[in-house]
Each structure stands twice: as structure tokens, then as C-alpha cells.
Amino acid sequence: RGRTLRLAGAHLLGRDTAKGLPGRQDIEAALRASLTGDAPKPFVLAWQPIFHSNDGTLMAAEALVRWPRPRRAPLVPDDFIPVAEATGLITHLDRWVLRTACAAAASWDSDLPISINMSAANFYLTDLLPIVMSALAESGLSPDRLEIEVTETVLLQDPDGVRQQIDRLRGLGLRIALDDFGGGHGTLGYLNAFPFDTVKIDRAFIRQLDSGERAEAVVRAIIQLGQALSIRTVAEGVETQAQLDFLTAAGATAVQGFLLGAPMPEARLTALFAPPLG
Ligand code: C2E
Ligand code: MG
Ligand code: MG
Ligand code: MG
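Residues numbered from 1 in each chain as written. Chains lettered and ligands numbered in written order. Predicted model: local features only at pLDDT ≥ 70, side-chain atom pairs only at ≥ 80, totals over all residues. Heavy atoms only, no water.

1. Observations concerning empty space enclosed by the protein
What counts is decided by this rule: Residues are said to line a cavity or pocket when one of their atoms sits within 4 Å of a point; the points come from a 1 Å grid over protein atoms alone, cavities being sets where a 1.4 Å probe fits but cannot get out and pockets being open sets with protein on both sides within 12 Å along at least five of seven lines. Grid points are joined across faces, edges and corners, and a volume is the space filled by probe spheres set on the points. Under the DSSP-based scheme used, a helix requires at least four consecutive residues in state H or I and a strand at least two consecutive residues in state E, with every element numbered from the N terminus. Note on residue classes: Ala, Val, Leu, Ile, Met, Phe, Trp, Tyr, Cys and Pro are nonpolar, Asp, Glu, Lys and Arg are charged, and everything else, Gly too, is polar.
A full pass over the atoms with the stated rule returns 1 cavity of 30 Å³ or more. Quantified by volume, the largest cavity comes out at close to 40 Å³. Taken together, the elements giving at least two residues each to the lining of the largest cavity come down to α3 (90–107) and α4 (128–139). With 3 residues, the top contributor of residues to the lining of the largest cavity is α3. Looking at the lining of the largest cavity residue by residue, the classes come out as 5 nonpolar, 2 polar and 1 charged.

Right under this line is the structure:
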């Protein structure tokens, strides 16, 4: 008989409300049960490929957290990240994602770079640097294979402290990306004031490409600014061939979206870089 893994908090997610999701209090209790202590974590990572736009080759993969449940659809980040952020549990969740993603990537038969998402709260931890250093050391992952994605919310509070954190992290040899650029109150000034390696152009801009030339002008300007500042540009949420054609012609560094590949299990991602059979 196999060992039974008791996933912490699983029983708390059994009841759905009218919306087809567990209630906020059940999510909070299950998060707390699974993130405090040593019980096996109930989360898994989905991986979304990111492709060079010039030649279509694989450039990197982004780890996106999922929360599988028995007999129900997995919870997606929008279902539980806001609760994790509001309760301060997010730093524990992001630490698990960091360690798990680094360990996975280090085990691959490929040097493919990875990116992970980190909520703003991590950047106010005094021990963020040692946390990242130990994830790299434990996994053996080369720092230049890791990129950490942050949204502009991280820049709103204590910009000087956050800038120092970014500088120290980059000093380890990893990269920092500004995620969802243009999706919030984002100003172009952020690209100048913080040393980002990559800017990810928000899905909302890519969607607007379908509706005309003004959106095209904005996206082209972001790409050109990236080129001028030596910041890589990654277009998010690419769903149509027309969007891909425009982004390629405009010179975006990379593209990511359902057209090219949805978030997938690790085994499907690693099959993308397995040598072809025969
Ligand atoms: P994000 O980092 O901007 O990730 C991209 C999101 O867009 C993902 O949603 C992905 O599934 C979705 N997406 C990708 N391509 C397309 C497309 O072509 N069309 C559309 N409509 N959507 C697309 P997901 O996985 O639900 O994640 C949502 C957000 O949750 C992420 O946005 C990120 O901000 C956050 N998140 C995910 N994993 C983590 C994590 O481990 N820690 C933290 N703090 N946040 C996370
Ligand atoms: Mg992201
Ligand atoms: Mg994004
Ligand atoms: Mg997002």
C-alpha cells in the first residue's frame, strides 16, 4: 500500500459556494494550514513558454501557481492570490514557488531560463536576498537562468528600499522584469528609474492592437523605448496571428500567449526541448 500524502488544508476546500468556488474564509484557512508548517504543499506549477519573436525559438518559461482540488477544477491565482496577499501569507507561497521552480529547472535537460512572479510584500522582507540565495544554492540553478517578475505595485511604497532590493538581487546575477506594464497606472518613468532587465507589455495593450493604429503606436513606442534602454520587451497575452505579426515586425524581443502555448504541466514543457525522436 502506498503512503498517503495528506495535503494540508485539502478538506477545507471541499465546499463550494454558489459561485462554484470555496468561500474566502475557507481559502484563508486552507492557505494558512498549508503554508505554515511542514505538511506537503497542495500547489503545483504550470509553465507557460515564452518565445523569441524573431525566430520562434523557446526563450524561457514562466511558472504560474495552481491549486488542484479533488473532483473540482483547480483554483487559479485570481481565486487565492488576493487572499494570500491580504493575509501576509503570500511571502510563504512565493517562497515555495521560488524553491520549487528553481529545483524543477535545475533538473531539466536544458538550460532554459525561467521566470517566477513575486508579490510586492516580498520586497519589504529584510531577508529576501538570503531566501533567493538559498533557493539558488539548494537547487544548484545558475542565477542567470532566473528572472523575477514584479508588478508596478512594488514600486509605489518605499521606492528607494525596493530599488536597493532590486540592485542586490541583480547583483546575484539574476534578472528582474516589470510585469503587466501599462495595465495599471504605469508610467514610462518606471523604466528609467528602476534597473529592469525586461518589461512585459500588459495583455490589455495586446488585445487593443486589434482595434487600431493608436494602440499600435503605443506598443511600438514601448518596444522602441525598450530597445533604447536595452530592456527586453515581452508581449503578454498574444492570441492572434495578426498580433504576432505586428509584434514581430515592431521588434518585440519575445511573445507569450495562448496562440503560442498556454500554461502547461512540466512534462509538456520539457517535451518541447527533448530531442526529436528518430
Ligand atoms: P501574469 O504574471 O501576468 O501571468 C500571465 C497570466 O495571463 C496567467 O494567468 C496566464 O495564464 C494568462 N495568459 C497567458 N497567455 C494568455 C493569453 O493569450 N490570453 C489570456 N486571456 N490570458 C493569458 P494566471 O496563471 O491565472 O495568473 C494570473 C496572475 O497571477 C499572474 O499574472 C501573476 O500576476 C499572478 N501569479 C501567478 N503565479 C503567481 C505566483 O507564484 N506568485 C504570485 N505572487 N503571483 C502569481
Ligand atoms: Mg508574470
Ligand atoms: Mg503579466
Ligand atoms: Mg498579471
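More follows now that the structure is in view.
2. What about the pairing of strand β6 (residues 175–181)?
How we decide: A simple rule labels every residue: compare its accessible area, found with a 1.4 Å probe on the protein chains alone, to the largest value its type can have, and call it buried under 20%, exposed over 50%, or partly exposed in between. Whether two strands pair comes down to DSSP finding at least two bridges between them.
Within β6, 6 of the 7 residues are buried, which leaves it mostly tucked inside the rest of the structure. Bridge analysis of strand β5 (residues 146–150) against β6 gives 4 bridges, and the strand direction is parallel. Within the sheet, the bridge partner assigned to isoleucine 148 lies in β6 and is isoleucine 176. When β6 meets strand β7 (residues 198–201), the two strands line up parallel, connected through 3 bridges. Bridged to phenylalanine 181 within β7 is isoleucine 201.

3. Section: the site of ligand 1
Threshold: One heavy atom within 4 Å of a molecule or strand is enough for the residue carrying it to be called near that molecule or strand. Under the rule applied, a polar contact is a pair of N or O atoms within 3.5 Å (in protein, one hydrogen donor and one hydrogen acceptor; residues adjacent in sequence only if both atoms are side-chain atoms). Just a note on the criterion: a molecule sits in a pocket or cavity if more than half of its atoms are within 2 Å of the grid points.
Contacts to ligand 1 come from 23 residues, most closely from Asp94, Asn117, Ser119, Glu239 and Phe258. Asparagine 117 places a side-chain nitrogen or oxygen 2.8 Å from an oxygen atom of ligand 1. Between ligand 1 and the protein, one listed contact pairs an oxygen atom with a side-chain N or O atom of aspartate 179 at 2.9 Å. Cavity membership is defined here by more than half of the atoms lying within 2 Å of grid points; on that basis ligand 1 lies in the largest pocket. Listed by contribution, the elements that provide at least two residues to the shell around ligand 1 are β2 (58–69), α2 (77–87), α3 and β6.

4. Observations concerning the confidence of the model for the protein chain
The following threshold applies: Scored from 0 to 100, pLDDT reflects the predictor's confidence in each residue.
On average, residues of the protein chain score 92 in pLDDT, and 97% of them reach the 70 mark or higher. The ipTM, which scores confidence in the relative placement of chains, is 0.98 for this predicted complex, and the corresponding pTM is 0.95.

5. Considerations on α4
Since one α-helical turn is 3.6 residues long, residues separated by three or four positions face the same way. Our working rule: To estimate the expected span of a helix, subtract one from its residue number and multiply by 1.5 Å. Here, residues are in contact when the closest pair of their heavy atoms is within 4.5 Å.
The end-to-end C-alpha separation of α4 is 17 Å, in line with the 16 Å expected for 12 residues at 1.5 Å each. Turning to α4, its buried residues are Leu128, Leu129, Ile131, Val132, Ala135, Leu136 and Ser139. In this fold, the buried residues of α4 make contact with α3, β5 and α6 (159–171). Directly after α4, the chain includes glycine 140, whose backbone phi takes a positive value near 80°.

6. A word on helix α10 (residues 241–250)
Short version of the rule: The arc refers to the directions leading from the helix axis to the C-beta atoms.
Buried within α10 are the following residues: Gln243, Leu244, Phe246, Leu247 and Ala250. Within α10, the buried residues cover an arc of 165° as seen down the axis, which keeps them to one side. Along α10, the residues that are exposed and aim more than 90 degrees away from the buried face are Ala242 and Ala249. Where α10 is buried, its residues contact α8 (203–208), α9 (213–229), β8 (232–235) and β9 (254–255). Phi for glycine 251, located one or two positions after α10, is positive at around 95°.

7. Examining the layout of surface pockets
There is about 1,100 Å³ of room inside the largest pocket. Along its surface, the largest pocket is lined by 36 residues, and Leu64, Pro77, Asn117, Asp179 and Asp180 are the ones closest to its centre. For the lining of the largest pocket, the elements supplying multiple residues, two or more each, are β2, α2, α3, β5, α5 (153–156) and β6. Class assignment of the residues belonging to the lining of the largest pocket gives a composition of 16 nonpolar, 8 polar and 12 charged. Taken as a whole, the second largest pocket holds about 170 Å³ of empty space. Lining the second largest pocket, in full, are Leu35, Gly37, Asp38, Ala39, Lys41, His92, Arg95, Trp96, Arg99 and Thr100. Here the element with the most residues in the lining of the second largest pocket is α3; it accounts for 5 residues. Classifying every residue of the lining of the second largest pocket by side-chain character gives 3 nonpolar, 3 polar and 4 charged.

8. Observations regarding the coordination of the magnesium ion (ligand 3)
Selection rule: Donor atoms: N, O and S within 2.8 Å of the metal, or within 3.2 Å for Na, K and Ca. Because water is excluded, sites can look incomplete.
Each protein donor to the magnesium ion (ligand 3) is listed here as Asp179 (OD), Asp180 (OD), Glu236 (OE) and Glu236 (OE); together their distances run 2.0 to 2.4 Å. Here the donor residues for the magnesium ion (ligand 3) map to a single chain with the spacing D-D-x55-E. Here the magnesium ion (ligand 3) and the magnesium ion (ligand 2) are spaced 4.1 Å apart, with aspartate 179 acting as a shared donor. Here aspartate 179, found in strand β6, pairs with glutamate 236, found in the loop between β8 and α10; they are 57 residues apart in sequence, far enough to count as distant. As far as burial versus exposure is concerned, aspartate 179 and glutamate 236 are alike and both buried.

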